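Architecture at a glance
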Amino acid sequence: EDATSKPVDEHKDKLLDGLLTTGFEERSCLSRYQSVLYRRASPHKPSSHLKTMLRKYEDLHRRCGPYTESYNKTVKKLKSGHHITSTDCNYVVWISYSGLGNRILTLASAFLYALLTDRVLLVDRGKDIDDLFCEPFPEKSWLLPLDFPLNQFNNFDQKSPQCYGNMLKKNHINNSMDSLPPYLYLHLAHDYDDHDKLFFCDQDQSLFRKIPWLIMKTDTYFIPSLFLISSFDQELSKLFPSRETVFHHLGRYLFHPSNAVWGLITRYYEVYLANADARLGIQIRVFDTRPGPFQYVFDQIVACFLKENLLPEVSVQEPIVTPSGNRKSKAVLMTSLSSGYFEMVRNMYWENPTVTGEVIGVYQPSNEEYQQTEKKTHNRKAWAEMYLLSLTDSLITSSWSTFGYVAQGLGGLKPWILYKPENSTAPDPPCSRAMSMEPCFHAPPFYDCKAKTGIDTGAIVPHVRHCEDMSWGLKLV
Ligand code: GDP
């Protein structure tokens, strides 16, 4: 398929095989229906059950979203603090926490949890969620109203009296109590303890069914462990018969760049990427704290793309004479906090001819030097770059980075992962192909809820395995 010509076909499937719904006003969110003009059609179709459940969720959100009658009633009960008999609508509130890549993965996790438990997802907007993303659900906002009574999310931590793990530890809660609190705080961040991790047990999930408000703080993609909870297992296999497409579908359903970010994406794409014969993304995330760039990282990048035939060798001896015109061109989109690696790769293909005669353009949209999670334009660029990477034909990513996971998932790409360097040396082999396009869950529990003992959760079922880039992580394959 010729991926180069920018498609303008009117009949293109702008609803992504029924993943998206009609009825949104197009101008308020151009990316929602225009993504199809920039991204190749996905070979992965959403299951009809997933589509049914998404439409069902949209109805629920319409009925229970902010300031609906049911919402107002449930908030009133929350304020009273008393034991609540059953409510019309139950909620999961996602707290904005950590870097943008992490937040995109945890939002998808919280949404799938909401789908599985008939809850409505409401989103703490933090500093920038509404600046970065369009509303994903029709009619009612996904943003938690600013006058929500429990707005002090920074105060929630593992030691909070409302923290579920903490309550268990102190024997303040159990399934047979007849007076349960109206809300619980679930601490699912990387530093969570064994009590917090009981979230992933059936018994605890059955308790949560009686709690109308769950407030969740997490910085990691916990979906792989949901597949190990037996009460969710059947529904999950109906929703996702192909397990490695979970984030691919949920991500394209939920995350539509706002018009400001869409402008960053489309202007960049049209100038630097659209006209190439093929596109390669290289996402560089270096966790070495000394100032770079490092020769060993550069060596690793080059070794990877040469070994995997993603870019051609250069000829350093004599210039290769090829007739101009009709030369194949390849655009390389690099992303990194620093500009060093980009300059080195760009110079490599400027100073030397390729042995194939191909011409290689190397581009990097920004080099922000350090992470600035609280800054608006910084996060807009980060989101635009993840999205641009997802529009490439092949992708090289860095180990451990959620930034790369987002790009690979949205793009439906199985990346080549650069292994994490040890002791400032490039590993050999430098990279390898991922088993699936799914993100890695960096902090999974290793607990057998029934036997109440430790267990290797990466060895229970064939579709939940340890990750390529983190031996203790879990991913769907
Ligand atoms: P992770 O730390 O790699 O898992 O990814 P996160 O996105 O959660 O956090 C890293 C943050 O650093 C991003 O959100 C950006 O703010 C910034 N960052 C890291 N790499 C890049 C990059 O290549 N481009 C841009 N613009 N920002 C980056």
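Reading the values: rules and limits
Residues numbered from 1 in each chain as written. Predicted model: local features only at pLDDT ≥ 70, side-chain atom pairs only at ≥ 80, totals over all residues. UniProt positions renumbered as here; feature names shortened; annotations may be inferred. Axes fitted to C-alpha atoms, helices over the stretch in contact; angles between N-to-C directions. Helix = DSSP H or I, 4+ residues; strand = E, 2+ residues; numbered from the N terminus. Parallel < 35°, antiparallel > 145°, perpendicular 65-115°, else oblique. Left-handed = near helix turned anticlockwise from the far one by under 90°. Contact = placed C-beta atoms within 7 Å. Nonpolar A, V, L, I, M, F, W, Y, C, P; charged D, E, K, R; others polar. Pairing = 2+ DSSP bridges.

As named in an unreviewed UniProt entry, the protein chain is Fucosyltransferase, taken from Coptis chinensis. Under the Subcellular location (unreviewed entry) heading, UniProt states for the protein chain: "Golgi apparatus, Golgi stack membrane". Listed under Sequence similarities (unreviewed entry) in UniProt, the entry text for the protein chain is "Belongs to the glycosyltransferase 37 family."

Next up on the list: the packing of helix H11 (residues 259-273) against helix H14 (residues 376-390). As a packed pair, H11 and H14 sit with axes 9 Å apart at the nearest point and diverge in direction by 50°. In terms of orientation, H11 and H14 fall into the oblique class. By crossing handedness, the relation of H11 to H14 is classed as right-handed. Within the contact between the two elements, H11 uses Ala-260, Val-261, Leu-264, Ile-265, Tyr-268 and Tyr-269 and H14 uses Arg-380, Lys-381, Trp-383, Ala-384, Tyr-387 and Leu-388. Tallied by class, residues from the contact of H11 with H14 come to 10 nonpolar, no polar and 2 charged.

As a further point, take the sheet that holds strand E2 (residues 119-123). Across the sheet, which stays open at both edges, the 4 strands sit in the order E2-E1-E4-E3 with parallel pairing between neighbours. Of all strands in the sheet, those bounded by a partner on one side alone are E2 and strand E3 (183-188). On average, each strand axis in the sheet is tilted by 25° relative to the strand beside it, whichever way the strands run. As paired elements, strand E1 (residues 90-94) and E2 share 5 bridges and run parallel to each other. Pairing of Val-93 across the sheet is with Leu-122, part of E2.

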